[in-house]
Amino acid sequence: MPESQTAWTVIRPGNLIDAKGGPPASGQAVVVQGSTIHWVGASEAAEAPGGPLSSRTSYQTLDFPDATLLPGLIDAHTHTNMPGDGRSGEAVNLDDTDDTRLLRSARNVGLALASGVTTVCDCGAWHDTAFSLRQSVESGLVPGSRVLASGRPITVTGGHLWYMGAEADGIEGVRSQVRQLIKQRANFIKVAASGGSTSTSDPFRPSFTEPEMITLVEEAHNRGRPVAAHCRCTGAIKNALAAGVDMVLHCFFCESDGTYRFDHDTARRLADDGVWVNPTLHLGRTRRDLLRRKRDIEELTAEEQTRLETLEANDGPRLERCASLIDAGVRLIGGSDCGWGTYPFGDFQGELIAMADAGLAPMAAIIAGTRDSASAMGVSDRIGTIEPGKEADLLVVEGDPSRNVEDLRKVQAVFRAGVKAPGPVPGFHTNLSGGHT
Ligand SMILES: [Zn+2]
């Protein structure tokens, strides 16, 4: 057996957040054997007689006295094929090959891991690229975050993301696409329940009919796969609820004429049914922040100035809508949608911070990006909390993010399956501080 599979390590942080729901604790230690968390308990008990290290002759000790240890972050919503530099999905469809997209995915999962995200859920990639990515990470060919892949998102003919390769119409069409994806070991199913930014689609109307959605979810659940539904309008959210989806992405309460009207009954139903909602709050902020940085260096065009003003005016209402979901008792999960728009990989924390700005307590935001995203994806038996028997996917950050959620960005160390990840990739921090688009 290779040494990494048998080596023992004890990690002693100043503060431990196990993400099981309790308060942070000091004076704790986590003992890792190979790729697995072996033991969690009081620091002095680790080496004491009868403790997990008492009979070990050699083990490594890692002390982080001024830092917090928490589970590695799990980003429930990413697009690894995408550059996050403002190019649209349609442009990437026209200009790039699958080879280029796959190489970009490989780079993106490296950026994600270095930033503290130990698992990315790819919610829509071209053709077979997400499956190839997952295999390459699993085999060690590509260093990066674990990958949970939906593969091609299922969409109606000409619907949102049609160019990724899974158009389906009618009950039998939908059923066959789900079965094909499961044949390729999709970890979950992504469906475009409404249109989106794709020009041939309509974001303000449901795309699939209710019977099509019901068949899709039935077929996925029959094989133990959760379903994530992209919903940019109220009609799509209602169809998704009727079908029993597990996750609603975006969750915009828009009417068919594009006006926003918060639907309290539907929000209550989302809460009652325990559907996980991913509000994608930070995506608009990345665009706003890019324009602000540009304004610091040069004059904005009149069009850019107007765009910036709109984005600035939208931020408050977006947070208030999310606050209304929280008030209704809806369970939120963290998902950045990074790769899309102007949101590059490497700052999933931005979404968790935005969720805290919308009203989640910092600890609740942390849990939304660890334990709860694992539960939504059906993998909470393996990852998402710091508990014996789980994968040693761990993040060390300076300070205490349960008091100041922005501390999540102060990454000191990342471990995936017990192996310490290489430090931040050069260029990563420029995404946050300006310069890079
Ligand atoms: Zn998305």
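Remember, predicted model here, so these are calculated numbers, not experimental data.

Cut-offs applied
- Residues numbered from 1 in each chain as written.
- Predicted model: local features only at pLDDT ≥ 70, side-chain atom pairs only at ≥ 80, totals over all residues.
- Heavy atoms only, no water.
- Donors = N, O, S within 2.8 Å, 3.2 Å for Na, K, Ca; no water.
- Helix = DSSP H or I, 4+ residues; strand = E, 2+ residues; numbered from the N terminus.
- Buried < 20%, exposed > 50% of the residue type's maximum accessible area, 1.4 Å probe, protein only.
- Domains from an automatic or database assignment.
- Contact = heavy atoms within 4.5 Å.
- Buried area = accessible area lost by both parts, 1.4 Å probe.
- Salt bridge = Lys/Arg side-chain N within 4 Å of Asp/Glu carboxyl O.
- Lys, Arg positive; Asp, Glu negative; His and termini not counted.
- Phe/Tyr/Trp six-rings, centres within 6.5 Å; stacked < 30°, edge-to-face > 60°.
- Lys NZ or Arg CZ within 6 Å of the ring centre and 35° of its normal.

(A) Geometry of the coordination of the zinc ion. On the protein side, the zinc ion has H77 (NE2), H79 (NE2) and D337 (OD) as donor atoms, found 2.0 to 2.3 Å from it. Between the donor residues of the zinc ion, the gaps in sequence give the motif H-x1-H-x257-D. Here H79 is found in the loop between β6 (73–78) and α3 (89–95), whereas its partner D337 is found in the loop between β13 (331–332) and α12 (349–357), with 258 residues between them in sequence. H79 sits in the buried class, given a relative accessible area of 3%. By relative accessible area, which is 3% here, D337 ends up buried.

(B) Highlighting the domain arrangement of the chain. Along its sequence, the chain is organised into domain 1 (3–71 + 385–433) and domain 2 (73–376). Centre-to-centre, using C-alpha coordinates, domain 1 lies 29 Å away from domain 2. Between domain 1 and domain 2, the contact holds 35 residues from the first and 31 residues from the second. Counting the surface lost from both domain 1 and domain 2, the interface buries some 2500 Å², and carbon and sulfur atoms represent 68% of this. There are 3 salt bridges connecting domain 1 and domain 2. A salt bridge links D347 to R409, with the nearest nitrogen and oxygen atoms 2.9 Å apart.

(C) Expanded view of the side chain of R225. With respect to the element layout, R225 can be found in the loop between α7 (210–222) and β10 (227–231). The buried charged residue R225 lacks any salt bridge partner; its closest oppositely charged side chain belongs to E219, at an N-O distance of 10 Å. Those residues in contact with R225 that lie beyond four places of it in its chain are I182, R185, A186, N187, F188, I189 and A220.

(D) The arrangement of the packing of aromatic side chains in detail. With the rule as written, the count across this model stands at 3 aromatic pairs. For the pair W126 and Y163, a centre-to-centre distance of 5.4 Å together with 20° between the ring planes defines the contact as stacked. With W126 in the loop between β7 (117–122) and α5 (129–138) and Y163 in the loop between β8 (146–149) and α6 (170–183), this pair connects stretches of sequence that are 37 residues apart. An identical accessibility class is assigned to W126 and Y163; each is buried. Site record: aromatic cluster; members linked through ring pairs are W126, W162 and Y163. The positively charged end of R321 is found above the aromatic ring belonging to Y260, 3.6 Å away from the centroid. Over the aromatic face of W276 sits the side chain of R331, whose NZ or CZ is 3.7 Å from the ring centroid.

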